Amino acid sequence: MATEMDYKDHDVMGQGFNDPEHLEAVREEALHHGHLSAEELEIEKKLRRKIDMRIMPVLITIYLMNYIDRNNYAAARLQGLEEDLGLNGDQYQTGLSILFVGYILMQVPSNIILNWVGRPSLYLGCATVAWGLVSCVTSQVHNYSGIVAARFILGIVEAPFFPGALFYLSKWYTKEELAKRNAIFYAGSLVSGAFGTLIAAGILSGLDGSLGLAAWKWLYIIEGAITMAVGLAAIFILPDFPETWKGLTPEMKRVAVRRLAIDAAEADVDEAGGMSQIKGMKLAFTDPKTYILAIAYMGITGSAGFQNFFPTLTQTLGYTRIISLLLVAPPYVFMVFYSYGHCYLSDHLGKRFWFLAYPVFISIIGFLIFMFTDDFGPRYFSFFLMNFVFAQNGTIYAWISNAIPRPPAKRAAALAFINSIGNSASIWTPFTYLPSSKPHYRPALGVCIGLQVLSLACFLTMKFYLEAQNRQMARMENEDSQLTEKDMKKLRKTAEAEGVDIAAARVLQKGYRYMI
């Protein structure tokens, strides 16, 4: 979502809006004429189509390579990586989890680097080239310490992409358009689960031993080289901002700027002068919703950890390494289409809780089937059910934005905290997949079930908490109702956070309800 603060960033970066009077004029026009004319709406259709065709394919391709390069470690395991590097005990799991240590540590610094660079095309493209290069270099490691170092660095250089891509999309799309684009963007990570293993299967069958290199080395070299090529192309293909894209006509540039200004005028903004990050963090960390959603997201991320062992799980079905890799693709392909429909229906109906709750039961059934059956049919079918965990991701992102809507500084701090806590599950869950527990991996999948139950408890807690909040806001909205001391305390807290008086804080409650 574009905000006034975002446009001020353009001035700092030197990427347009250099004239403060021009910015103020656009803002005033958006406030007093908060809609596009019929002629501008026609231009907007062409503009949106042009943006979609230029930006979305590139970002989806980069996100696809992001997950392929991150998860090829699991495919390399089936191609002899453990034997060649002499890994034993839980050393493979350590190599898997160390990536997320670097990833989490780099979350906040990556946003600082983005503001310093000021050109999203250069920032995203260079980050893509960097992790592609790390992937290529990983093919040359010879021991345990080498793979751990390579995976840690990979986590560091991959971290900037996701927050950078979300920032970039907010510079092109309105908040209503972003929901659909984010769902399409997220689908790239699911597609990677299918294509990554298909590429790995092709390399294993055709290049193993070629030029004296093992199949897993070729996997890292080829996928890394493709990623570097995609990153270099992105630098030249991606435009930075609407007002600097030479491919737009003057009319399109004006509509692009104006529609985002209107969207910003309708959106929430920080108090005059901007809210400090420290104050935003204080507000986020004193809001119970931040912790409830962080634990819920950790449960989802942790229970989805089986994706890092998917080829290992399919290998327990008794087929060759190549077929085991090929068997990974269909469950992911199914979930690509299902998750898009799932997110679309959730937005269309305006419901979050039920669309987060029902996948819990389906995925638990999948975990149980795999844990307690031995026949191929039921065990392979269980993968499709287990993948319902991924349907929850798009919905939880949307619920976080709705449940912590303002001020922006608070929302930014809450999102960073929730993302860090959620991804922290990927550090310790790999150690639950004990080699001694195959072929059913009951300890690991039992943990997945426990994490899904934990998430469900958080969803229920959020549902009841938000229902109580909605009732309170309805009471404060009614001028004839008698406010309790608890209501007044909330109003004072809202007034302090928004930088307004009590009367204005009461106005802010009007018309807004948390989506449940």
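Model, not experiment: these values are computed from the prediction. (Residues numbered from 1 in each chain as written. Predicted model: local features only at pLDDT ≥ 70, side-chain atom pairs only at ≥ 80, totals over all residues. Heavy atoms only, no water.)

### Overview of the overall build of the chain
The condition that has to hold: Helix numbers and strand numbers start at the N terminus; a helix is a DSSP run of H or I with at least 4 residues, a strand a run of E with at least 2. We call a residue buried when its accessible area falls under 20% of the maximum for its residue type, exposed when it is over 50%, and partly exposed in between, using a 1.4 Å probe and counting protein chains only. Values of accessible area rely on a 1.4 Å probe in the Shrake-Rupley scheme; residue burial ignores everything except the protein chains shown.
Looking only at helices and strands, the chain has 24 helices and zero strands in total. In the chain, which comprises 516 residues, the share counted as buried stands at 55%. On the chain, roughly 21500 Å² of surface is accessible, and the fraction owed to carbon and sulfur atoms is 65%.

### Looking at the confidence of the model for the chain
Heads up, the condition is: pLDDT expresses how confident the predictor is about each individual residue, on a scale running from 0 to 100. Any two residues whose heavy atoms approach within 4.5 Å are treated as being in contact.
Across the chain, the average pLDDT comes to 82, with 82% of residues at or above 70. Scored below 50 in pLDDT, residues 1–20 makes 53 contacts in the model with residues more than four places away or belonging to other chains.

### Let's talk about the environment of glycine 280
Topologically, glycine 280 is positioned in helix 13 (residues 277–285). Relative accessible area serves as the criterion here: at 0%, glycine 280 is assigned to the buried category. A C-alpha to C-alpha distance of 7.6 Å links glycine 280 and arginine 411, two positions 131 residues apart in sequence.

### Some words on the pattern of salt bridges
Once their charged atoms are close, side chains differing in charge can pair, the charge on each being opposite to the other. Test applied: Salt bridge, as used here, is a side-chain nitrogen of Lys or Arg placed within 4 Å of a carboxyl oxygen of Asp or Glu.
Considering all chains together, one arrives at 10 salt bridges under this definition. Across the pair glutamate 467 and lysine 463 runs a salt bridge, and its minimum N-O distance is 2.8 Å. Pair noted here: glutamate 467 and lysine 463 are both in helix 22 (residues 442–477), with a separation of four residues, about one helical turn. Residue glutamate 467 is classed as partly exposed on the basis of its relative accessible area of 25%. The buried category is assigned to lysine 463, whose relative accessible area is 17%. When salt bridges with common partners are traced through the structure, they connect Glu40, Arg254 and Arg258 into a single cluster.

### Some details on the nonpolar core
What counts here: Among buried residues, the Ala, Val, Leu, Ile, Met, Phe, Trp, Tyr and Cys ones that are joined through side-chain atoms within 4.5 Å form a nonpolar core.
With 131 residues, the main nonpolar core has Leu59, Phe161, Leu293, Phe306 and Phe459 as its most contacted residues. If one sorts the elements of this core by residue count, helix 3 (residues 38–77) sits on top with 17 residues. Ignoring anything within four residues of it in the chain, the contact list for phenylalanine 161 reads Leu59, Ile62, Tyr63, Asn66, Leu124, Trp131 and Phe185.

### With respect to the packing of helix 17 (residues 329–349) against helix 20 (residues 391–403)
Note the cut-off: Angular values range over 0 to 180 degrees, each being the angle between N-to-C directions of two axes fitted as lines to C-alpha atoms, with helices fitted over their stretch in contact. Should an angle fall under 35 degrees it is called roughly parallel, over 145 degrees roughly antiparallel, and 65 to 115 degrees roughly perpendicular, with every other angle called oblique. Less than a right angle of anticlockwise turn of the near helix away from the far helix marks a crossing as left-handed, whereas a clockwise turn marks it as right-handed. Under the grouping applied here, Gly and all other residues not named as nonpolar or charged are polar, the nonpolar ones being Ala, Val, Leu, Ile, Met, Phe, Trp, Tyr, Cys and Pro and the charged ones Asp, Glu, Lys and Arg.
The interhelical angle for the contact between helix 17 and helix 20, taken along N-to-C directions, is 30°, at an axis separation of 8 Å. It follows that helix 17 is roughly parallel to helix 20 by the angle criterion. Two packed elements cross with a definite hand, and for helix 17 against helix 20 that hand is right-handed. Facing Met335, Ser339, His342, Cys343 and Ser346 of helix 17, the residues of helix 20 in contact are Ala391, Gly394 and Thr395. Of the residues belonging to the contact of helix 17 with helix 20, the class tally is three nonpolar, five polar and no charged.

### Considering the side chain of serine 426
Along the polypeptide, serine 426 turns up in helix 21 (residues 408–428). With relative accessibility at 7%, the residue serine 426 sits in the buried group. For serine 426, the contacting residues outside a window of four places in its chain are Ser97, Phe100 and Thr301.

### Some words on helix 9 (residues 161–170)
Because each turn of an α-helix spans 3.6 residues, side chains separated by three or four positions end up pointing in the same direction. Across the 10 residues of helix 9, nine count as buried, placing the element largely inside the fold. Every buried residue belonging to helix 9 is among Phe161, Phe162, Pro163, Gly164, Ala165, Phe167, Tyr168, Leu169 and Ser170, and all of these are buried.

### A word on the packing of aromatic side chains
To keep it simple, the criterion reads: Centre distance within 6.5 Å is the pairing criterion for rings of Phe, Tyr and Trp, where only the six-membered ring of Trp is used; planes under 30 degrees apart are then read as stacked, over 60 as edge-to-face, and the remainder as tilted. By definition here, charges over rings are those cases where NZ of Lys or CZ of Arg is within 6 Å of the ring centre and within 35 degrees of the ring normal.
Tallying each qualifying case throughout the model produces 29 aromatic pairs. For the pair tryptophan 172 and tryptophan 245, a centre-to-centre distance of 5.7 Å together with 80° between the ring planes defines the contact as edge-to-face. Of this pair, tryptophan 172 sits in the loop between helix 9 and helix 10 (175–206) while tryptophan 245 sits in the loop between helix 11 (215–237) and helix 12 (250–266), and the two are 73 residues apart along the sequence. According to the relative accessible area criterion, tryptophan 172 is buried, its value standing at 1%. Of the residues examined, tryptophan 245 reaches a relative accessible area of 7% and is grouped as buried. Ring geometry for phenylalanine 370 versus phenylalanine 383: centroids 5.4 Å apart, planes at 40°, classification tilted. Placement of phenylalanine 370 in helix 18 (residues 353–372) and of phenylalanine 383 in helix 19 (residues 376–386) is noted, with a sequence separation of 13 residues between them. Judged on exposure class, the residue phenylalanine 370 and its partner phenylalanine 383 are both buried. The ring of tyrosine 73 has arginine 151 sitting right over it, with the charged end atom 4.4 Å from the ring centre.

### Comments concerning a nonpolar patch on the surface
Inclusion rule: The patches reported here contain residues having more than 30% relative accessible area and no salt bridge. Joining distances are 9 Å for like charges and 5 Å for nonpolar side chains (Val, Leu, Ile, Met, Phe, Trp, Tyr).
Nonpolar side chains collect at one region of the surface, where Ile278, Met281, Phe285 and Tyr291 lie side by side and expose about 380 Å² of accessible area between them. Here the element with the most residues in the nonpolar patch is helix 13; it accounts for three residues. Here isoleucine 278 is to be found in helix 13. Classification of isoleucine 278 as exposed rests on a relative accessible area of 65%.

### Details of the environment of proline 331
Here proline 331 shows up in helix 17. Between the alpha carbons of proline 331 and asparagine 387 there is a distance of 6.9 Å; along the sequence they are 56 residues apart. Residues in contact with proline 331, not counting those within four places in the same chain, are Phe310, Tyr380, Phe383, Phe384 and Asn387.

### A look at helix 5 (residues 91–105)
Selection rule: Here a helix's expected span is defined as the number of its residues, less one, multiplied by 1.5 Å.
Given a rise of 1.5 Å per residue, 15 residues ought to cover 21 Å, and the 21 Å separating the end C-alpha atoms of helix 5 matches this to within 8%. The buried fraction of helix 5 is high, at 13 of 15 residues.

### Description of the packing of helix 7 (residues 120–138) against helix 8 (residues 144–158)
Viewed as axis vectors pointing N to C, helix 7 and helix 8 meet at an angle of 170°, and their least axial separation amounts to 9 Å. Classed by the angle they form, the pair helix 7 and helix 8 counts as roughly antiparallel. Counted together, Ala127, Ala130, Trp131, Val134 and Thr138 of helix 7 and Ile147, Ala150, Ile153, Leu154, Val157 and Glu158 of helix 8 form the full contact between these two elements. Residues belonging to the contact of helix 7 with helix 8 are distributed by class as follows: nine nonpolar, one polar and one charged.

### A closer look at unusual backbone geometry
Negative phi values dominate among residues other than glycine, just as trans dominates among peptide bonds. In this chain, lysine 438 is followed by proline 439 through a cis amide linkage whose omega measures 10°. Looking at the secondary structure, you find proline 439 in the loop between helix 21 and helix 22. Phi angles above zero are rare outside glycine, and tyrosine 441 is one such case at about 45°. Taking the relative accessible area as the measure of exposure, tyrosine 441 reaches 4% and is therefore buried.

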